[in-house]
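So the chains spell out like this:
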2 protein chains.
Amino acid sequence: MPAPTSGWSPAADRILRTAAELIAERGYAATSTRTIASAIGVAQPAIYKHFSTKNDILSALVGLGVGRPLELAGELARVSAPAIVKLHRWLRESLEHFRDSPYVLVAILTTPELYQENFAAERELIRQFDGVVVDFVRAAQNEGDVRAMKPESGARLVIALFDVLAVPEYQVSPAEIVDFAFTGLLADPARLPEIRAAADALEPAGIDGDAVVNAID
Amino acid sequence: MPAPTSGWSPAADRILRTAAELIAERGYAATSTRTIASAIGVAQPAIYKHFSTKNDILSALVGLGVGRPLELAGELARVSAPAIVKLHRWLRESLEHFRDSPYVLVAILTTPELYQENFAAERELIRQFDGVVVDFVRAAQNEGDVRAMKPESGARLVIALFDVLAVPEYQVSPAEIVDFAFTGLLADPARLPEIRAAADALEPAGIDGDAVVNAID
DNA sequence: GTCTATATCGGGATAGAC
DNA sequence: GTCTATCCCGATATAGAC
């Protein structure tokens, strides 16, 4: 909560937060550098002392979005536990990361402009993010915990649920999203409470929830 | 399949199809009237003989998107069957509508620009679309078929799954999406096959799948 | 109903003073 | 590191000939 700026100067941080908020409600293309600047209360060119391009702002936000989830996936890889338990922990914590970040990161990963312009590095990060879910689902399926379905399909369905966080009018909690996703995924939905308990009890490498947020820079 | 133009002139129809395709992959703001025109092979001002505004194109696409689902909801309302069965039928048929339309309608309903500009009428249509799902889920829950959860949450989770159709790289079928959604929704997931069969056997008012696509105009 | 030409505007980015 | 002023471009939309 107390403003975990992560490698960014306070000024750059304000730009990122403001931009994220505006992009979340208007989309990237419809968010001008003028709008961002005036929302902060500075002149438009001031932004360019912190980011040399408007695209760099979006790039930074993608990094802030996938950084912690990718890091967490790495930590979980070094823990011994069933894949389905790791997936539960990863999903809940990643959803909370998106919800609680001071930057409005939801919907950033689905920005269409990322797939049209020079965002190769960011697309690669998102590909890794998606890959984490596919790997978890496939492993859990091999261990008999996920019902018959293509792992890629299961992963896509789970990933789509992240966008539920973005709806402003009606808030759905990460816990509700995880429950829904897992009931849809599990070979035996009755095992959900047990899996949830095991996931909450996991202790990955990092101290706790708010470790380093940005490990990409 | 054979080009169901629905009240639109052939020329306007080509504009809509081309625009939908471009919007799906680049976003609305990033899709210029020049791009649309040149993709068709005409000069940019030619578009304005068919749509007096770029926004009118997006508006038409929203109508094409929600038209059939809203109509189908009306038809199902006049049928006697458990709400959970109606929801199954509505969801499968609506997903197929989005997938099979000659216009690439997926992601149109989540265009952020709709919530920023003069799109009050379109927002109302989307509100109705969402309302259909909420009503189905609530009714099915009252009949004991949906497990304990807020109907609004359940509806949001189901609606989010529509976007899975939009991922170009890996195609998830409507049937897979419905199965996942219903396993997550049902109080007793084991009843899914029975509900699916009942939904497929339903015979709503309209002749069949490809009735009037646009009932809004 | 299509074209060419053009008006008008807003957005990204730079220059240079302070 | 912020400002003002400005360049340049691309985008929507219109005018008017054919």
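A quick note: this is a predicted structure, and the numbers were derived from the prediction, not measured.

Asker: Help me get a handle on the interface of chain A and chain B, residues and values and all.
Answerer: On the chain B side, the residues contacting the 31 residues of chain A number 31 residues. Together chain A and chain B conceal approximately 2800 Å² of surface at their shared face, both sides included; 66% is due to carbon and sulfur atoms. The interface formed by chain A and chain B holds zero salt bridges in total. Scanning the region where chain A abuts chain B turns up two residue pairs in polar contact (both at pLDDT 80 or more). For the side of chain A that touches chain B, the elements supplying multiple residues, two or more each, are helix H1 (10–26), helix H6 (151–160) and helix H7 (174–185) of chain A. When residues of the side of chain A that touches chain B are assigned to their parent elements, the largest contribution, eight residues, is made by H7(A). In terms of residue class, the side of chain A that touches chain B is made up of 16 nonpolar, five polar and 10 charged.

Asker: Requested: an account of the protein's contact with DNA strand C, with residues and values cited.
Answerer: Contacts to DNA strand C come from 15 residues, most closely from Thr33(A), Gln44(A), Tyr48(A), Ala43(B) and Lys49(B). When the atoms of DNA strand C within 4 Å of the protein are grouped by moiety, sugar and phosphate amount to 51% of the total. Taking Tyr48(A), its side chain carries an N or O atom lying 2.8 Å from a phosphate oxygen of DNA strand C. At 2.9 Å, a side-chain N or O of His50(B) approaches a phosphate oxygen of DNA strand C. Residue classes in the surface near DNA strand C are distributed as six nonpolar, six polar and three charged.

Asker: Break down the nonpolar core for me, with residues and values.
Answerer: The tendency in soluble globular proteins is for nonpolar side chains to be buried as a group. If you look at the biggest cluster of nonpolar residues, it comprises 144 residues, and the most contacted ones within it are Leu61(A), Trp90(A), Leu161(A), Leu61(B), Trp90(B) and Leu161(B). Among residues more than four places away in sequence, those in contact with Leu61(A) are Leu16(A), Ala20(A), Ile23(A), Tyr103(A), Leu105(A) and Ile108(A).

Asker: Quick one: what's the story with the protein's contact with DNA strand D, residue by residue and with numbers?
Answerer: In the vicinity of DNA strand D lie 15 residues, with Ala43(A), Lys49(A), His50(A), Thr33(B) and Arg34(B) positioned nearest. In DNA strand D, atoms within 4 Å of the protein come 56% from sugar and phosphate. At 2.9 Å, a side-chain N or O of His50(A) approaches a phosphate oxygen of DNA strand D. Residues belonging to the surface near DNA strand D are distributed by class as follows: six nonpolar, six polar and three charged.

Asker: Account for the packing of aromatic side chains, with residues named and values stated.
Answerer: Residue and element names in this part refer to chain B. Tallied over the entire structure, the rule returns 15 aromatic pairs over all chains. Seen from their ring centres, Phe-129 and Phe-162 are 5.6 Å apart, and the 70° between their planes marks the pair as edge-to-face. Linking Phe-129 in helix H5 (residues 120–142) with Phe-162 in the loop between helix H6 (151–160) and helix H7 (174–185), this pair joins segments that are 33 residues apart in sequence. Like Phe-129, the residue Phe-162 is buried in the burial classification.

Asker: Kindly report on the relation of the copies chain A and chain B, identifying the contributing residues and their values.
Answerer: What connects the two chain copies is a rotation about an axis and a shift along it. Its rotation angle being 180°, the transformation that places chain A on chain B also includes 0.0 Å of axial translation and leaves an RMSD of 0.0 Å. Taken together, these values place the two copies in the relation of a two-fold axis. Considering only C-alpha atoms, the residue of chain A closest to the rotation axis is Gly184(A), which sits at 2.2 Å. Taken as a fraction of all interface residues of chain A, those also at the interface in chain B reach 100%, which identifies the copy contact as same-surface.

Asker: So what's going on with the pattern of salt bridges? Which residues, and what values?
Answerer: In the structure shown here, the tally under the stated rule is 30 salt bridges over all chains. With its nearest N and O atoms 2.6 Å apart, the salt bridge here joins Arg89(B) to Glu93(B). Of the two residues, Arg89(B) and Glu93(B) both sit in helix H4 (residues 83–100), four residues apart, roughly one turn of that helix. Both residues of the pair, Arg89(B) and Glu93(B), count as buried. Linking Arg138(B) and Asp135(B) is a salt bridge whose minimum nitrogen-to-oxygen distance equals 3.8 Å. Of the two residues, Arg138(B) and Asp135(B) are both situated in helix H5; the distance of three residues between them amounts to about one turn of the helix. Residue Arg138(B) is classed as partly exposed on the basis of its relative accessible area, which comes to 33%. For Asp135(B), a relative accessible area of 47% puts it in the partly exposed group. Look at the salt bridges and you will find they share partners, linking Arg68(A), Glu71(A), Glu75(A), Arg89(A) and Glu93(A) into a network.

Procedures and definitions
- Residues numbered from 1 in each chain as written.
- Chains lettered and ligands numbered in written order.
- Predicted model: local features only at pLDDT ≥ 70, side-chain atom pairs only at ≥ 80, totals over all residues.
- Heavy atoms only, no water.
- Contact = heavy atoms within 4.5 Å.
- Buried area = accessible area lost by both parts, 1.4 Å probe.
- Salt bridge = Lys/Arg side-chain N within 4 Å of Asp/Glu carboxyl O.
- Polar contact = N/O pair within 3.5 Å; in protein donor to acceptor, adjacent residues only side chain to side chain.
- Helix = DSSP H or I, 4+ residues; strand = E, 2+ residues; numbered from the N terminus.
- Nonpolar A, V, L, I, M, F, W, Y, C, P; charged D, E, K, R; others polar.
- Near = heavy atom within 4 Å.
- Core = buried A, V, L, I, M, F, W, Y, C linked by side-chain atoms within 4.5 Å.
- Buried < 20%, exposed > 50% of the residue type's maximum accessible area, 1.4 Å probe, protein only.
- Phe/Tyr/Trp six-rings, centres within 6.5 Å; stacked < 30°, edge-to-face > 60°.
- Least-squares fit on C-alpha atoms with pLDDT ≥ 70 in both.

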